[in-house]
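Residues per chain, in single letters:
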Amino acid sequence: MILTNKAFSGFSVNDIKKAKSFYQDKLGIEVTDGPMGVMELHINKDSRILVYPKPTHSPASYTVLNFPVDNIDQAVDELSSKGIRFIQYGGEIKTDEKGIFRGGGPLIAWFEDPAGNILSVIESPERGM
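Values in this document were obtained by computation on a predicted structure and should not be read as measured data.

**So, the pattern of salt bridges**
Part 1: This structure, assessed with the given rule, holds seven salt bridges.
Part 2: Residues Lys20 and Asp33 are paired through a salt bridge, measuring 3.0 Å at the closest nitrogen-oxygen approach. Of the two residues, Lys20 is situated in helix H1 (residues 16–26) and Asp33 in strand S2 (residues 30–33); the sequence distance between them amounts to 13 residues.
Part 3: By relative accessible area, Lys20 is classed as partly exposed at 24%.
Part 4: Close ionic contact of Asp77 with Lys98 constitutes a salt bridge, the shortest N to O distance being 2.9 Å. One end of the pair, Asp77, is in helix H2 (residues 72–81); the other, Lys98, is in the loop between H2 and strand S6 (100–101), with 21 residues separating them in the sequence.
Part 5: For Asp77, a relative accessible area of 42% puts it in the partly exposed group.
Part 6: Residue Lys98 is classed as partly exposed on the basis of its relative accessible area, which comes to 24%.
Part 7: Residues participating in the shared-partner salt-bridge network are Asp73, Asp77, Asp96, Lys98 and Arg102.

**Concerning the nonpolar core**
Part 1: Membership of the largest hydrophobic core comes to 29 residues, with the highest contact counts inside it found for Tyr23, Leu27, Leu41, Phe111 and Val121.
Part 2: When residues of this core are traced back to their parent elements, those giving at least two are strand S1 (9–13), H1, strand S3 (39–44), strand S4 (47–53), strand S5 (63–69), H2, strand S7 (108–112) and strand S8 (118–123).
Part 3: Once residues lying within four places of it in the same chain are set aside, the contact partners of Val121 are Phe67, Val69, Ile72, Val76, Leu79, Phe86, Leu107, Ile108, Ala109 and Phe111.
Part 4: Within the second largest apolar cluster, six residues are counted, among which are Ile87, Phe101, Ile108 and Ile118.

**Description of the side chain of His57**
Part 1: Within the fold, His57 resides in the loop between S4 and S5.
Part 2: If we ignore the near neighbours within four places in the chain, the residues touching His57 are Ser12, Val13, Asn14, Ala115 and Asn117.

**A look at the pairing of S7**
Part 1: Among the five residues that make up S7, four are buried, leaving the element largely enclosed by the rest of the structure.
Part 2: Hairpin connection, S6 to S7: the antiparallel pair is bridged by six residues, and Gly104 has positive phi, about 115°.
Part 3: Here five bridges tie S7 to S8, and the two strands are oriented antiparallel to one another. Paired with Glu112 across the strands is Ile118, a residue of S8.
Part 4: Remark: five residues form the turn of the hairpin made by S7 and S8, two consecutive strands paired antiparallel; Gly116 in that turn has positive phi of roughly 90°.

**Quick look at the sheet that holds S7**
Part 1: Here we have four strands laid out as an open sheet, ordered S5-S8-S7-S6, and mixed in their pairing. A strand with exactly one partner marks an edge of an open sheet, and here the two such strands are S5 and S6.
Part 2: Relative to S7, S6 runs antiparallel, the two being bridged by two bridges. Within the sheet, the bridge partner assigned to Ile100 lies in S7 and is Ala109.
Part 3: Contacting S5, S6, S7 and S8, H2 crosses the sheet at an angle of about 140° to S8.

Conventions we followed
Residues numbered from 1 in each chain as written. Predicted model: local features only at pLDDT ≥ 70, side-chain atom pairs only at ≥ 80, totals over all residues. Heavy atoms only, no water. Salt bridge = Lys/Arg side-chain N within 4 Å of Asp/Glu carboxyl O. Helix = DSSP H or I, 4+ residues; strand = E, 2+ residues; numbered from the N terminus. Buried < 20%, exposed > 50% of the residue type's maximum accessible area, 1.4 Å probe, protein only. Core = buried A, V, L, I, M, F, W, Y, C linked by side-chain atoms within 4.5 Å. Contact = heavy atoms within 4.5 Å. Pairing = 2+ DSSP bridges. Axes fitted to C-alpha atoms, helices over the stretch in contact; angles between N-to-C directions.

Have a look at this one:
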């Protein structure tokens with residue numbers, strides 16, 4: 001089998017310098033530079049995510065990265081204070097004025113990285129999602 005416990009995910013961005021600043025400075029994630037202009041996000045000691053530059057980048061139309069948090073309101077307030085704007089949705093996933101979906105299921109708020117990829121904070125007191 002080719003499957004291992006060392007698998008990792010990745011996604012593209014159109015400007016690796018802007019992405020590095022965003023993930024490192026605004027989200028507080030450890031970021032390291034890799035070969036050929038890529039960077040790695042170190043989520044914890046066992047998880048890494050590859051972020052690579054792509055001149056023909058198109059933002060993902062789905063959530064590429066979810067960050068479990070203990071308190072969604074506190075997380076949204078903290079990120080908003082750093083200039084992060086939360087996406088306002090209507091319809092079935094209508095969000096409130098802060099950008100939080102409170103319509104059943106986990107509380108979640110979506111935002112974008114500088115390349116337009118969708119990220120979220122999701123309330124998970126156990127952080128075991």
